[in-house]
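These are the residues of each chain, in order.
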Amino acid sequence: MASNKVIVTVAPTGGMAKKSQNPNLPTQPEEIAESVHRCYNAGASVVAIHARRPDDQATCNADIYRRINQLVRERCNIVINNSTGGGVDGDMLIERPDGLYDVNFEERLKGLDAGAEMATFDGFTVAAIHGKREMIVSTTPSQCDRLAARFIERGIKPEWEVFSPAHILQDATRLITVCDKPPYFFNFVLNVDRGFQGAMPYTPDILQMMVKLLPPNSIFNVSAAGTAQLPATTHALLLGGHVRVGLEDNLYYSKGVHATNEMLVERQVRIIRELGFEPATPDEARQMMGLA
């Protein structure tokens, strides 16, 4: 595989944003599939899919995932990566007596039941803040073991999603040889520190430190929220990494200008080519990630 190939992931929806924030956000299966197809034509090789209910609230319902996956696959051969993270409302939340909410771990597991090639593995416990609502996203060591067993059972490759150095060094490093095979694909999610306790902002030093902490035989992808998306993904390219863009991470193309997923992918591909790289095709991405 040529060393100048870059995997471009598009994250079209996420589990938090609403159409009221950006009317271009695709939330229903047909909308998501159409947006993904346009992004594939623009150069994306992987899609990170979150599911939504008909009322646009978050879910990991396997039937909805299965429908999205089917519609995407009818249109193109992009690598499908389903989320086991869920979201901040809908089927994902269990209200607690103390006024906090738990993000439903059993619901999260359903993201592995829709036939995707890859799925996110968030192997850590974190407090999430959305508006005035505080949520505990629990993935204790024993829950990590349950997730790992489900990945093995379903034959799905993990995308190791990490928000901080500790997330790399703890359960992800413990489990990579249990439910994965090299190359291990790590996704650094940066600049979500206002929404997730313990997450890291994007700075050049933080990104470079996290790259240095990767286990052997790993490749990395960078996602960054909001205005950090453009500098963080450009920095990732200079460090030999891969990139994720999309409305899950950033609702704006520039100040005051709502983005579309296609706009963000097109800009990312232009930057990739200006730096002397080329976007990988889906089949090239499969080879690079060990899916082929």
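Rules behind the numbers
Residues numbered from 1 in each chain as written. Predicted model: local features only at pLDDT ≥ 70, side-chain atom pairs only at ≥ 80, totals over all residues. Heavy atoms only, no water. Helix = DSSP H or I, 4+ residues; strand = E, 2+ residues; numbered from the N terminus. Contact = heavy atoms within 4.5 Å. Polar contact = N/O pair within 3.5 Å; in protein donor to acceptor, adjacent residues only side chain to side chain. Pairing = 2+ DSSP bridges. Axes fitted to C-alpha atoms, helices over the stretch in contact; angles between N-to-C directions. Parallel < 35°, antiparallel > 145°, perpendicular 65-115°, else oblique. Left-handed = near helix turned anticlockwise from the far one by under 90°. Nonpolar A, V, L, I, M, F, W, Y, C, P; charged D, E, K, R; others polar. Buried < 20%, exposed > 50% of the residue type's maximum accessible area, 1.4 Å probe, protein only. Arc of directions from axis to C-beta.

A word on the environment of aspartate 180
Positionally, aspartate 180 belongs in the loop between helix H5 (165-179) and strand S13 (184-190). Other than its neighbours up to four places away in sequence, aspartate 180 contacts Lys157, Pro158 and Trp160. Here the side chain of aspartate 180 touches tryptophan 160 through a polar contact of 2.9 Å, side chain to side chain.

Quick look at the sheet that holds strand S14 (residues 218-224)
With respect to topology, 8 strands assemble into a closed barrel ordered S2-S3-S6-S9-S12-S13-S14-S15, the strand pairing being parallel. Across the sheet, the axes of successive neighbouring strands diverge by a mean angle of 25°, strand direction being ignored. In the packing of helix H9 (residues 282-289) onto the sheet, contacts are made with strand S3 (46-49), strand S6 (79-82), strand S9 (118-121), strand S12 (157-162), S13, S14 and strand S15 (242-245), and the angle to S6 comes to roughly 60°.

Points about the packing of helix H6 (residues 204-212) against helix H7 (residues 229-238)
Running from amino to carboxyl end, H6 crosses H7 at an angle of 45°, the nearest separation of the two axes being 11 Å. In this view, H6 runs oblique relative to H7, as classed from their interaxial angle. Crossing hand, H6 versus H7: right-handed. Taking contact as the criterion, the partners of Pro204, Leu207 and Gln208 in H6 are, on H7, Ala232, His235 and Ala236. When its residues are assigned to classes, the contact of H6 with H7 shows 4 nonpolar, 2 polar and no charged.

Section: the environment of phenylalanine 188
Inspection of the secondary structure assignment puts phenylalanine 188 in strand S13. Among residues more than four places away in sequence, those in contact with phenylalanine 188 are Val162, Ile168, Leu207, Met210, Val211, Leu214, Phe220, Asn221, Val222 and Ser223.

Points about H6
Residue pairs three or four apart in sequence face the same way in an α-helix, which turns once every 3.6 residues. Turning to H6, its buried residues are Ile206, Leu207 and Met210. In a view along the axis of H6, the buried residues occupy a sector of 95°, so they form one face of it. Away from its buried face by more than 90 degrees, H6 exposes Asp205 and Lys212. On its buried face, H6 is in contact with S12, H5, S13, S14 and H7.

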